Number of protein chains: 2
Amino acid sequence: MEEISTFEIHEPLDMHLHLRDGDMLSLVGPLTSQTFSGALIMPNLVPPITTKEALLAYKERINEACYKDKFEPLVTLFFKNDYTYEFLNDIKDQIIGIKLYPAGVTTNSETGVSSMDIEVLRPTLESMSKLGIPLCIHGETNGFVMDREKEFMPIYESLAVAFPKLKIIMEHITTKDAIELLDKYDNLYATVTMHHLLITLDDVAGGMLKPHLFCKPIAKRPEDRTALLSAALKAHPKLMFGSDSAPHPKHKKESCGCAAGVFTSPIALQVLTQLFEKHGCLDNLNKFISLNAQKIYNLNLAKKTIKLIKKDFVVPTAYEYKNESVIPMYAGEIISWSIMSIN
Amino acid sequence: MEEISTFEIHEPLDMHLHLRDGDMLSLVGPLTSQTFSGALIMPNLVPPITTKEALLAYKERINEACYKDKFEPLVTLFFKNDYTYEFLNDIKDQIIGIKLYPAGVTTNSETGVSSMDIEVLRPTLESMSKLGIPLCIHGETNGFVMDREKEFMPIYESLAVAFPKLKIIMEHITTKDAIELLDKYDNLYATVTMHHLLITLDDVAGGMLKPHLFCKPIAKRPEDRTALLSAALKAHPKLMFGSDSAPHPKHKKESCGCAAGVFTSPIALQVLTQLFEKHGCLDNLNKFISLNAQKIYNLNLAKKTIKLIKKDFVVPTAYEYKNESVIPMYAGEIISWSIMSIN
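Because the structure is a prediction, the values reported are computed rather than measured.

### Structural notes on the interface of chain B and chain A
Point 1. Each partner contributes residues to the interface: chain B has 29 residues there, and chain A has 29 residues.
Point 2. A combined buried area of about 2,400 Å² lies between chain B and chain A, and 63% of that area is made up of carbon and sulfur atoms.
Point 3. A per-residue breakdown of the area chain B buries against chain A is headed by F144, L209 and C256 of chain B, which together make up 28% of the total.
Point 4. There are four salt bridges connecting chain B and chain A.
Point 5. We note a salt bridge from D147 of chain A to R221 of chain B, for which the minimum N-O separation is 2.6 Å.

### Thoughts on the pattern of salt bridges
Residues and elements named next belong to chain A.
Point 1. Throughout the structure, instances matching the rule amount to 26 salt bridges over all chains.
Point 2. Of the charged contacts, one joins D177 and K150 as a salt bridge, the two residues approaching to 2.9 Å between their closest N and O atoms. With D177 in helix α6 (residues 176-182) and K150 in helix α5 (residues 148-162), the pair connects residues that are 27 residues apart, well separated along the chain.
Point 3. Close ionic contact of E277 with K310 constitutes a salt bridge, the shortest N to O distance being 2.7 Å.

### Side note on the nonpolar core
Point 1. L272 and F288 of chain A together with L272 and F288 of chain B are the most contacted members of the largest nonpolar core, which has 212 residues in total.
Point 2. Filtering out sequence-adjacent residues up to four positions away, L272 of chain B remains in contact with M194, L197, F241, L285, F288 and I289 of chain B.

### A word on the sheet that holds strand β1 (residues 6-10) of chain B
Residue and element names in this part refer to chain B.
Point 1. If you walk across this open sheet you meet the three strands as β1-β10-β15, and the pairing is antiparallel. Strands with a single pairing partner mark the edges of an open sheet, and in this sheet they are β1 and β15 (338-342). The sheet shows a mean angle of 30 degrees between the axes of neighbouring strands, taken without regard to direction.
Point 2. Summarising the sheet, strand β10 (residues 305-309) and β15 pair through four bridges and their orientation is antiparallel. Paired with K307 across the two strands is S341, which belongs to β15.
Point 3. Along the sheet, helix α11 (residues 268-278) makes contact with β1, β10 and β15, crossing β10 at roughly 60 degrees.

### Here's the deal with the UniProt feature "binding site: Zn(2+) 1" (unreviewed entry) in chain A
All names here are of chain A.
Point 1. Those places that UniProt annotates as "binding site: Zn(2+) 1" (unreviewed entry) correspond, in this numbering, to H16, H18, K99 and D244. With the annotated positions falling across 229 residues, the maximum pairwise C-alpha distance of 13.1 Å places them together in a single cluster.
Point 2. Here H16 is to be found in strand β2 (residues 13-17).
Point 3. For H16, a relative accessible area of 1% translates into the label buried.
Point 4. Structurally, K99 can be placed in strand β5 (residues 97-100).
Point 5. Contacts of K99, omitting those with residues within four sequence positions, involve H16, M42, P43, T76, L77, F78, F79, C136, I137, H138 and E171.

### Section: the UniProt feature "binding site: substrate" (unreviewed entry) in chain A
Residues and elements named next belong to chain A.
Point 1. As recorded in UniProt, the sites labelled "binding site: substrate" (unreviewed entry) are H18, L19, R20, N44, H138, H248 and A260.
Point 2. The residue L19 is located in the loop between β2 and α1 (22-33) in this model.
Point 3. Every residue in contact with L19, bar those within four places of it in the chain, is listed here: M24, L25, V28, G29, I41, Y58, I62 and C66.
Point 4. Its location among the elements puts N44 in the loop between β3 (38-41) and α2 (52-65).

### Points about the relation of the copies chain B and chain A
Point 1. For the match of chain B to chain A, the screw axis carries a shift of 0.0 Å, the RMSD comes to 0.0 Å, and the turn is 180 degrees. Taken together, these values place the two copies in the relation of a two-fold axis. Looking at the rotation axis and the C-alpha trace of chain B, the residue lying nearest is E254 of chain B, at 2.6 Å.
Point 2. Of the interface residues in chain B, 100% have counterparts in chain A that sit at the interface too, so the contact is made through matching surfaces.

### A short note on the environment of K234 of chain A
All names here are of chain A.
Point 1. On the secondary structure map, K234 appears in the loop between α9 (222-233) and β9 (239-241).
Point 2. Under the relative-accessibility criterion, K234 is labelled exposed at 56%.
Point 3. Here the alpha-carbon distance between K234 and P134, two residues 100 residues apart in the chain, equals 24 Å.

### Observations regarding unusual backbone geometry
Point 1. With an omega of -5 degrees, the peptide bond between V46 of chain A and P47 of chain A qualifies as cis.
Point 2. Looking at where P47 of chain A falls in the secondary structure, it is placed in the loop between β3 and α2.
Point 3. With phi around 50 degrees, K322 of chain A is a residue other than glycine that occupies positive phi space.
Point 4. Mapped onto the secondary structure, K322 of chain A falls in the loop between β12 (319-321) and β13 (324-326).
Point 5. Even without being glycine, K70 of chain B reaches a positive phi, approximately 60 degrees.

### Concerning helix α5 (residues 148-162) of chain B
Point 1. Relative to the 21 Å expected for 15 residues at 1.5 Å per residue, α5 of chain B spans 22 Å between its end C-alpha atoms, a close match to the ideal helical length.
Point 2. In the structure, α5 of chain B departs most strongly from a straight axis at P154 of chain B, where the bend amounts to approximately 30 degrees.
Point 3. When we look at burial in α5 of chain B, the residues that qualify are R148, E149, F152, M153, Y156, L159 and A160 of chain B.
Point 4. Elements in contact with the buried residues of α5 of chain B: α8 (201-205) of chain A together with α4 (118-131), β6 (135-137), β7 (168-170), α6 (176-182) and β8 (188-192) of chain B.

### Remarks on the sheet that holds β5 of chain A
Residue and element names in this part refer to chain A.
Point 1. What the eight strands build is an open sheet, ordered β2-β3-β4-β5-β6-β7-β8-β9; its pairing is parallel. At either margin of the open sheet sits one strand with a lone partner, and together these are β2 and β9. Geometrically, the sheet is characterised by an average inter-axis angle of 25 degrees between neighbouring strands, direction not taken into account.
Point 2. Inspection of the sheet shows strand β6 (residues 135-137) paired to strand β7 (residues 168-170) by three bridges, in the parallel sense. Bridging from a neighbouring strand, C136 pairs with I169 of β7.
Point 3. Relative to β9, helix α12 (residues 285-297) is tilted by about 120 degrees, and along the sheet it contacts β2, β3, β6, β7, β8 (188-192) and β9.

### Considering α9 of chain A
Residues and elements named next belong to chain A.
Point 1. Taking 1.5 Å per residue, 12 residues should reach 16 Å; α9 reaches 16 Å between its end C-alpha atoms and fits that length.
Point 2. Contacts from the buried residues of α9 go to α6, β8, α7 (195-198), β9, α11 (268-278) and α12.
Point 3. Immediately beyond the C-terminal end of α9, within one or two residues, lies A235, with a positive phi of roughly 55 degrees.

### Examining the packing of aromatic side chains
Point 1. All told, the structure shown has 14 aromatic pairs over all chains when counted by the stated rule.
Point 2. Pairing F36 of chain A with F241 of chain A gives two aromatic rings, centres 6.4 Å apart and planes at 20 degrees, and the pair type is stacked. Of this pair, F36 of chain A sits in the loop between α1 and β3 while F241 of chain A sits in strand β9, and the two are 205 residues apart along the sequence.
Point 3. Seen from their ring centres, Y83 of chain B and F87 of chain B are 5.0 Å apart, and the 20 degrees between their planes marks the pair as stacked.
Point 4. Judged by relative accessible area, which is 6%, Y83 of chain B ranks as buried.
Point 5. One aromatic cluster is present, formed by F36, F241, F276 and F288 of chain A through successive ring pairs.

Parameters at a glance
- Residues numbered from 1 in each chain as written.
- Chains lettered and ligands numbered in written order.
- Predicted model: local features only at pLDDT ≥ 70, side-chain atom pairs only at ≥ 80, totals over all residues.
- Heavy atoms only, no water.
- Contact = heavy atoms within 4.5 Å.
- Buried area = accessible area lost by both parts, 1.4 Å probe.
- Salt bridge = Lys/Arg side-chain N within 4 Å of Asp/Glu carboxyl O.
- Helix = DSSP H or I, 4+ residues; strand = E, 2+ residues; numbered from the N terminus.
- Core = buried A, V, L, I, M, F, W, Y, C linked by side-chain atoms within 4.5 Å.
- Buried < 20%, exposed > 50% of the residue type's maximum accessible area, 1.4 Å probe, protein only.
- Pairing = 2+ DSSP bridges.
- Axes fitted to C-alpha atoms, helices over the stretch in contact; angles between N-to-C directions.
- UniProt positions renumbered as here; feature names shortened; annotations may be inferred.
- Least-squares fit on C-alpha atoms with pLDDT ≥ 70 in both.
- Expected span 1.5 Å × (residues − 1).
- Bend = angle between axes of the 7 residues up to and from the residue.
- Phe/Tyr/Trp six-rings, centres within 6.5 Å; stacked < 30°, edge-to-face > 60°.

As structure tokens, this is what we get:
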């Protein structure tokens, strides 16, 4: 058998990304925009993005920090119960979706919704449904850390039933339960990160504690990873790649109270190629990393081809800009695929 | 109702303690020996304690580092399959027990047993049984981190059945399963740490990641903590306090790969008094912290009385000696009981 030595990814999309702001945006923006065609950008800044002015200003800052050619920042609003139909109608062409955070479940989610009661959420969700604005959800309860996503499943089900025309995206799913739910409701979709295809809680806390692999939702059990990986490898049509790449300064990761987030943007294409090749599923990678999302979100992108070559890539030990320093996943380790060209 | 304002602990015992060596021993030795009457000292140095010479030399270094008056270091050997009856007979009066580590399950356990096959362990265990030497076990498999102790239960059961006269101590138990096993076999006993009575995985990784609460075995689920706490508060006669206080230098806790261990020695008496008082179980604390262990190990100790007073104690942010610095649990926080006198 001839060994595959190059592979092309077309119009890669990262459907769940944190770009932050300020110097951190300047550091991480180019690392995504160089290789990806688009990315769905999370609105959980401080304060969160809840107005048209803030949205457009943030989009402008993103465009300034990023490669402009062939990269589209797909920006989102931070969900609020009191958005009016008029407001949403006015802003709908500027956003790709609205991100809902239950209060307190992750970084900068303090101002998220304090109740997942459907009647409380109904006015905004009905407007979104009518206007065709997708709902992206961080689906975790405030329960025991290993149960939070599983406990959220009945809420996803209620929402899917109550708003059958609303596209609901279960963000960064981490459990077998969530994978099973995908096939149960037509209007439920999901993103999955790269790291949740690769690690379990064992990698975070089974040996030494690894703060750079600590994220929310926390990595789960081996049977969960198996279910996620299996769905990704077969390019389940309702599952999209969303890195949830979440940069935190080094000093906030290696300290008494380490912030949640794994930084994967600059290594995602190489590592995913390695992973899909290892399992003999390279034919499905373009669906997982682009085509599924294009269909789900009706995207129309400029052509962009990333050519990878099977050649060692040593992951930098850190990415730095001014006073910011971010440690990537696999820092200092070797990946067997490198990026050869971007056109 | 009159409020309790002082409380006396008599001959407190820490039946699972890491004192390390060198400057770290000099730092932590006094912190235990000042307030405790005795402590069962773990043998997992580098190299581990496996000879009489190493044992006696370590005991001497411990005695040099510790308060000598009214403190007894109860030293242990590191389990090996090839200890002869003659060797064990010669050393038995010098040790309180032998500690068995499955290889690779925790700090400095690399040279532990590579198989828990009873036939492999039988020669040493038969000699121990005949000589009345207790077996202390770190009971974890190499499985998924949340399942390791539960998966070890059948091994405890096999050992208890195969060696009915051998006292087997399940060290630092963390699960409901282990508590249930205590009542099933006459010759099974257990230690439990203070932190496993207080925290779950939520405290380690439910919010920010807390390296100073990261330990092996890892803190488990809420229902596990409830079972452990309930057994401790009622002073289950087969359950002993063993802090598993495990000092690591600050730089090894707050880094890319954080070592496992919670440092509790200098705060244990105060925090346990606060905990037992809160649950209205102060009457049982002396059993949990001393009398149970005295009976199980047939100890005869000099009288030592620690008088505590209900008065705020601010936990130091660090304990330091020369270049060593150790961060205690609850660093900088306030405990409602302080030590008033030691006699």
